[in-house]
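# Analysis of the macromolecular model
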Amino acid sequence: MFAGDTNSIQLAMPVAAQATVDRPEVLHLNGSASSSLKVSPQHPLQLMPQQSGSAKLTFKLFGKIPLKTVNVHVIPGLKVIPGGQTIGVKVKSAGILVVGHHLVHVDPTTRVSPGENAGIQLGDLMTHFNGEPLKDISKVAQVVEEAGNSKKPLEITFKRGDKVMKTKLTPAYDQSEQKWRLGLYIRDSAAGVGTLTFYAPDQGVYGALGHVITDMNTQTPITVGSGQILQSSVTSISKSQDGEPGEKRAHFLKDGKILGSIERNTHFGIFGKMSKNPEYSLYKEGIPVGFAQDVKEGPAEILTVVDGQQVEKFKVNIVHVAKQDTPATKGLVIRITDPRLIEKTGGIVQGMSGSPIVQNGKLIGAVTHVFVNDPKSGYGCFIEWMLQDSGVIPQRNATNLKAS
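As the structure is a prediction and not an experimental result, all values here were calculated from the model.

## A word on the sheet that holds strand 6 (residues 53-61)
Spatial strand order, 4-2-6-7: 4 strands in an open sheet with antiparallel pairing. Of all the strands in the sheet, just strand 4 (36-39) and strand 7 (65-74) have a single pairing partner and so form its edges. Each neighbouring strand pair of the sheet contributes to a mean axis angle of 25 degrees, computed without reference to strand direction.

Pasting the structure below:
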């Protein structure tokens, strides 16, 4: 909860109970600074945060029998600026990603993949050759040639998920191309377009996309070494149809400004530093944030670009709100109801992911995925999980519950 907000708990019990809060300086109950009071099932219990901190709220039947404990986390009031701008995304991985195996012609009848024989798999991230960090894919050919000419195997350090592993790989000489080869297809960068979700001016950070960036060949999340988001302009839209999602077509502007850095790539999007609110924003000042418990089924708006660079508002309906006490994707189901957006895009299209969702004047989430067989509908994530991954609000212990 935010300091200054008020929330309530409806007690599902047949009789009155005793409510006790361990830190009344953090949380008042029904407007009282007392640490304990009686509550009845007929009346919701009003929670009134007073200052930042955590408080434990305990309910006991007849003042003795433990019934329920709720951990309430109070953070300072927060306002962020909703985005909606189409952004260009350029990311460089923290190493060299293996995206395929390549057969080397060692003689007219023999083809081998040294990389596959060394146990390297698709999705592995190579980080070191012979103990030296791999910082640039352009250096790989030279190192491979030196190893091949010296007849010495390369010691390769690589990551597979959370594991760091090593193997030895002896390059093979390709007779048809007259070059030493690893027998691997590799890549160290990716580019695309998406939508900016928010800018937090007090912290100088942003969040975008609402979902993880994965390599298109291996579908493994890209571990970010460095990256940038840039100004981008929508040139056309391929409309969504049943069974076939459409997409925004956009290009990076030649003199496009670098809007921010990319420091993290998580399940909830990309995050990094940003120094000022980008152009074409519909909001010049921040608006309040709505936590998961604030989100209701019913009307809302999304902010996105369908032509050029101008952000526009479009009507949607939130048709389902998942109960989530810990970070998880697919928190919301939304349906596009705005006739203008349906006419222009057919619904949700690729490149729209990250579009902010605003309800009752609060930023509550971001568009993440389209339903392939019903492109007017799709998923969204709660904004609080993006704010956590950006560092704007602290991570909560997975076992803690928020008052609802």
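## Quick look at helix 4 (residues 383-390)
The buried fraction of helix 4 is high, at 8 of 8 residues. Of all the positions in helix 4, only Ile-383, Glu-384, Trp-385, Met-386, Leu-387, Gln-388, Asp-389 and Ser-390 are classed as buried. Once helix 4 finishes, Gly-391 follows within two positions and takes phi at roughly 90 degrees, a positive value.

## Examining the side chain of His-73
Position of His-73 relative to the elements: it lies in strand 7. On the accessibility criterion, His-73 (17% relative accessible area) is buried. A polar side-chain atom of His-73 sits 3.0 Å from a polar atom in the side chain of Ser-54.

## Some thoughts on the pairing of strand 20 (residues 224-238)
One ladder, built from 7 bridges, connects strand 9 (residues 86-101) with strand 20; its direction is antiparallel. Each residue of the ladder has a partner; that of Lys-90, found in strand 20, is Gln-228. With 6 bridges joining them, strand 20 and strand 21 (residues 247-252) adopt antiparallel strand pairing. Paired with Ser-238 across the bridge in strand 21 is Glu-247.

Analysis parameters
- Residues numbered from 1 in each chain as written.
- Predicted model: local features only at pLDDT ≥ 70, side-chain atom pairs only at ≥ 80, totals over all residues.
- Heavy atoms only, no water.
- Pairing = 2+ DSSP bridges.
- Helix = DSSP H or I, 4+ residues; strand = E, 2+ residues; numbered from the N terminus.
- Axes fitted to C-alpha atoms, helices over the stretch in contact; angles between N-to-C directions.
- Buried < 20%, exposed > 50% of the residue type's maximum accessible area, 1.4 Å probe, protein only.
- Polar contact = N/O pair within 3.5 Å; in protein donor to acceptor, adjacent residues only side chain to side chain.

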